[in-house]
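A look at the structure
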Amino acid sequence: MTTPARDRLVFPLDVKELAEARTWIDRLAAHVGVFKVGLELFVSAGPDAVRAVHDRGARCFLDLKLHDIPATMAGATERAVAQGVAFLTVHASAGPRALRTVQDLAAGSRTQLLAVTVLTSFDAPELAAIGLDAPASAAARLAHVAVEAGVRGLVCSPEEASALRTIVGPGGVLMVPGVRPSGADRGDQRRVATPSSAIGAGADYLVVGRPIREAADPRAAADAIVDEIASALEARS
Ligand code: C5P
């Protein structure tokens, strides 16, 4: 069965405090499919933030971008899997052994691991400074590392979606931030795509924050994005 359009919209809880996160969860639980808990909220509120999402019947994307030795990543992954999160991010650059270890722990659970390849904040000179190639080739190489270790989910920019789809295959999962409905303010995102072009390029899930959070009517903004996702999915099938 294909995933309904609403379930593919991910709203990041980019706030400092649990109370504020709860307000957003209450406001949007019927309008988006997944809430993303990132480092800021997790450092502030811990697993209570995950529980707040689950208490409203929504799915949680725990975006902690784990990168450590295999044993430490395994411990953190076990805890996240036990909390029943739907998605958990790890860095592909943690390497094959760490990735295989965490994938073995997540296999058969309800948690889909997502590997982060190259953070989109990196430009070519910065990548060169840490010894990596140009963004596109570094992202492709790290995507291969993840997939070969069994991690069949990737976080990527809309621009990389079609290239990474060929690496992850039709059964893989692509989680795509940097999405802006046409006419919306780009904020600090430089490489952006509309929801329809991101879905058209092969994205499975879209992370959209500020265009919803800063809208006069956030629920209506989310609904409009879901409608656009639905039309793009129809066009894709
Ligand atoms: O507000 P906006 O839609 O830009 O939020 C996007 C979310 O996705 C933020 O939580 C941001 O940290 C995250 N993200 C991103 N670009 C990436 C990876 C994650 O914007 N490459």
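Reference entry: report on the structure contained in this document. Quick caveat: nothing in here was measured; it's all calculated off a predicted structure.

Calculation rules
Residues numbered from 1 in each chain as written. Predicted model: local features only at pLDDT ≥ 70, side-chain atom pairs only at ≥ 80, totals over all residues. Heavy atoms only, no water. Helix = DSSP H or I, 4+ residues; strand = E, 2+ residues; numbered from the N terminus. Rg over C-alpha atoms; globule rule 2.2 N^0.38 Å. Buried < 20%, exposed > 50% of the residue type's maximum accessible area, 1.4 Å probe, protein only. Contact = heavy atoms within 4.5 Å. Areas by Shrake-Rupley, 256 points an atom, 1.4 Å probe, with all protein chains shown as cover. Lys, Arg positive; Asp, Glu negative; His and termini not counted. Charge placed at Lys NZ, Arg CZ, Asp CG, Glu CD. Core = buried A, V, L, I, M, F, W, Y, C linked by side-chain atoms within 4.5 Å. Axes fitted to C-alpha atoms, helices over the stretch in contact; angles between N-to-C directions. Parallel < 35°, antiparallel > 145°, perpendicular 65-115°, else oblique. Left-handed = near helix turned anticlockwise from the far one by under 90°. Nonpolar A, V, L, I, M, F, W, Y, C, P; charged D, E, K, R; others polar. 1 Å grid on protein atoms, 1.4 Å probe; cavity = no way out; pocket = protein on both sides within 12 Å on 5 of 7 lines; lining within 4 Å. Points joined across faces, edges and corners; volume = space filled by probe spheres on them. Pairing = 2+ DSSP bridges. Salt bridge = Lys/Arg side-chain N within 4 Å of Asp/Glu carboxyl O.

1. Focus: the overall build of the chain
Secondary structure assignment for the chain yields 11 helices and 8 strands. Radius of gyration (C-alpha) of the chain: 17 Å, near the 18 Å computed for a compact globule of 237 residues. When its C-alpha atoms are laid out on the principal axes, the chain stretches across 45 × 40 × 35 Å. Burial analysis of the chain (237 residues in total) assigns 50% to the buried set. Contacts in the chain between residues far apart in sequence, at least 24 positions, make up 66% of those at least 6 positions apart. If you sum the accessible surface of the chain, you get close to 10800 Å²; carbon and sulfur atoms cover 52% of it. Each charge sign in the chain was given a centre, from 25 positive and 27 negative side chains, and these centres are 3 Å apart.

2. Overview of the nonpolar core
In terms of nonpolar packing, the biggest core is built from 71 residues, with Leu9, Leu13, Phe35 and Leu206 touching the most fellow members. For Phe35, the residues in contact, after removing those within four places along its chain, are Phe11, Leu13, Trp24, Ile25, Leu28, Ala29, Val53, Ala58, Arg59, Cys60 and Phe61. If you look at the next biggest cluster of nonpolar residues, it comprises 12 residues, including Phe61, Phe87, Val116 and Val173.

3. Let's talk about the packing of helix α1 (residues 18–28) against helix α3 (residues 47–55)
The N-to-C vectors of α1 and α3 enclose an angle of 20°; their axes lie 10 Å apart at closest approach. Viewed along their axes, α1 and α3 adopt a mutual orientation that is roughly parallel. Considering the relative orientation of α1 and α3, their crossing is right-handed. Of the residues in α3, those touching α1 at Leu18, Arg22 and Ile25 are Asp48, Ala49, Ala52 and Val53. Split by residue class, the contact of α1 with α3 holds 5 nonpolar, no polar and 2 charged.

4. What to know about the layout of surface pockets
Reported here for the second largest pocket is a volume of approximately 150 Å³. Thr2, Thr3, Pro4, Ala5, Arg8, Leu233, Arg236 and Ser237 are the residues that line the second largest pocket. Looking at the lining of the second largest pocket residue by residue, the classes come out as 3 nonpolar, 3 polar and 2 charged.

5. Focus: the sheet that holds strand β2 (residues 34–38)
Strands in a sheet are paired, the pairing made by backbone hydrogen bonds, and the direction either parallel or antiparallel. If you trace the 8 strands once around the closed barrel, you get β1-β2-β3-β4-β5-β6-β7-β8, paired in parallel fashion. The mean angle between the axes of side-by-side strands here comes to 25°, regardless of whether they run parallel or antiparallel. In the sheet, strand β7 (residues 173–176) pairs with strand β8 (residues 205–207) via 2 bridges, with the strands oriented parallel. If you follow Met175 over to β8, its bridge partner there is Tyr205. Where α3 meets the sheet, its contacts fall on β2 and β3 (59–66), and the angle it forms with β3 comes to roughly 155°.

6. Overview of the pattern of salt bridges
This model, assessed by the stated rule, comprises 9 salt bridges. Lys16 serves as the salt-bridge partner of Glu40, at 3.7 Å between the closest nitrogen and oxygen. Of this pair, Glu40 sits in helix α2 (residues 39–45) while Lys16 sits in the loop between β1 (9–12) and α1, placing them 24 residues apart in sequence. Given the relative accessible area of 55%, Lys16 is considered exposed. Between Asp133 and Arg141 there is a salt bridge, and its shortest N-O distance comes to 3.2 Å. You can call Arg141 partly exposed: its relative accessible area is 42%. A network of salt bridges, in which partner residues are shared, links Arg8, Arg165 and Asp204.

What is shown is where atoms sit, not what they do.
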